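# Architecture and fold: a report
Letter by letter, the chains look like this.
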Amino acid sequence: VSASVGVVLSGIGLSFAAEPVSILFFGTFNGLALGQLFVPAGPFLIEHSGAADRQDAFSLIWASQSLAQALGSAVAGLLPAAFAGALALGDPTGIAPLRLTLLAGALLSALGLLPGLELIRLRPVADVSTPVRLKPAAAGPARSDRRLILTFAFVIFITSVSTGFVWPFLNVYFAEIGRA
């Protein structure tokens, strides 16, 4: 929930940011908040699904996320023109329609808080299935779990930060390309 609030606040901040420093701040904040949404998804699904359902649960969550991102980008690409036309703001590539598009995305994220609050009440699933034991891997260099976790966390962190910088401004980029 706190990560979702962070996405909403950073989205609102990005929609009003005008200076490079404020854009950098809110973009970083957005990337960190997105990371806090995406990274715990795996452990959450493991904790709240049985072993027999996990594969389907993971497939469903990541497929729906990919579909939602594609649809969201498609709709957001149309919003500046819709705002410009409906509110008589002039050029759809002007700053006001683009800011309203970013603000609409932040408000849409706020709507996501409502079902997110229900997740707090969920109880973990007691998995009664017998755990599957894998054969030990062939002898090789030992790797600590901590290093693996830190490496994975670093990759996710960088991806989330870059996502936070890129997603809110893709429409601006495409608008500029369209003018060229």
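These lines cover the structure that appears in this document, whether it is placed above or below. Quantities reported herein were computed from a predicted structural model and do not represent experimental measurements. (Residues numbered from 1 in each chain as written. Predicted model: local features only at pLDDT ≥ 70, side-chain atom pairs only at ≥ 80, totals over all residues. Heavy atoms only, no water.)

### Some thoughts on the overall build of the protein
Definition in use: Helix and strand definitions here come from DSSP, where helices need a minimum of 4 consecutive H or I residues and strands a minimum of 2 consecutive E residues; each element is numbered from the N-terminal end. Note on exposure labels: buried denotes an accessible area under 20% of the residue type's maximum, exposed denotes more than 50%, and partly exposed covers the range between, all computed with a 1.4 Å probe on protein chains only. Contact between two residues is taken to exist if any of their heavy atoms lie within 4.5 Å; hydrogens are not considered. The protein chains shown are the only cover counted for residues, whose accessible areas, like all others here, come from Shrake-Rupley with a 1.4 Å probe.
Summing up its helical and strand segments, the protein has 8 helices and 0 strands in all. Starting at the N terminus and ending at the C terminus, the protein contains elements arranged as α-α-α-α-α-α-α-α. Considering the protein as a whole, with its 180 residues, one finds that 23% of them fall into the buried category. The contacts in the protein between residues at least 6 apart in sequence include a share of 65% that link residues at least 24 apart. Split by element, the accessible area of the protein, about 12500 Å² in all, is 71% carbon and sulfur.

### Focus on the packing of helix 4 (residues 51–86) against helix 5 (residues 95–111)
What counts here: For every element, the axis is a line fit to its C-alpha atoms; helices are fit only across the contacting stretch, and the angle between N-to-C directions ranges from 0 to 180 degrees. For classification purposes, angles smaller than 35 degrees are called roughly parallel, those larger than 145 roughly antiparallel, those between 65 and 115 roughly perpendicular, and all remaining angles oblique. Crossing handedness: left-handed means the near helix sits turned counterclockwise from the far one by under a right angle, and right-handed means the same turn made clockwise.
Running from N to C, helix 4 and helix 5 point in directions that differ by 125°, and their axes come no closer than 8 Å. Classed by the angle they form, the pair helix 4 and helix 5 counts as oblique. Here the hand of the crossing between helix 4 and helix 5 comes out right-handed. Along its contact with helix 4, which presents Ala76, Leu79, Pro80, Phe83 and Ala84, the element helix 5 presents Pro97, Leu98, Leu100, Thr101 and Ala104.

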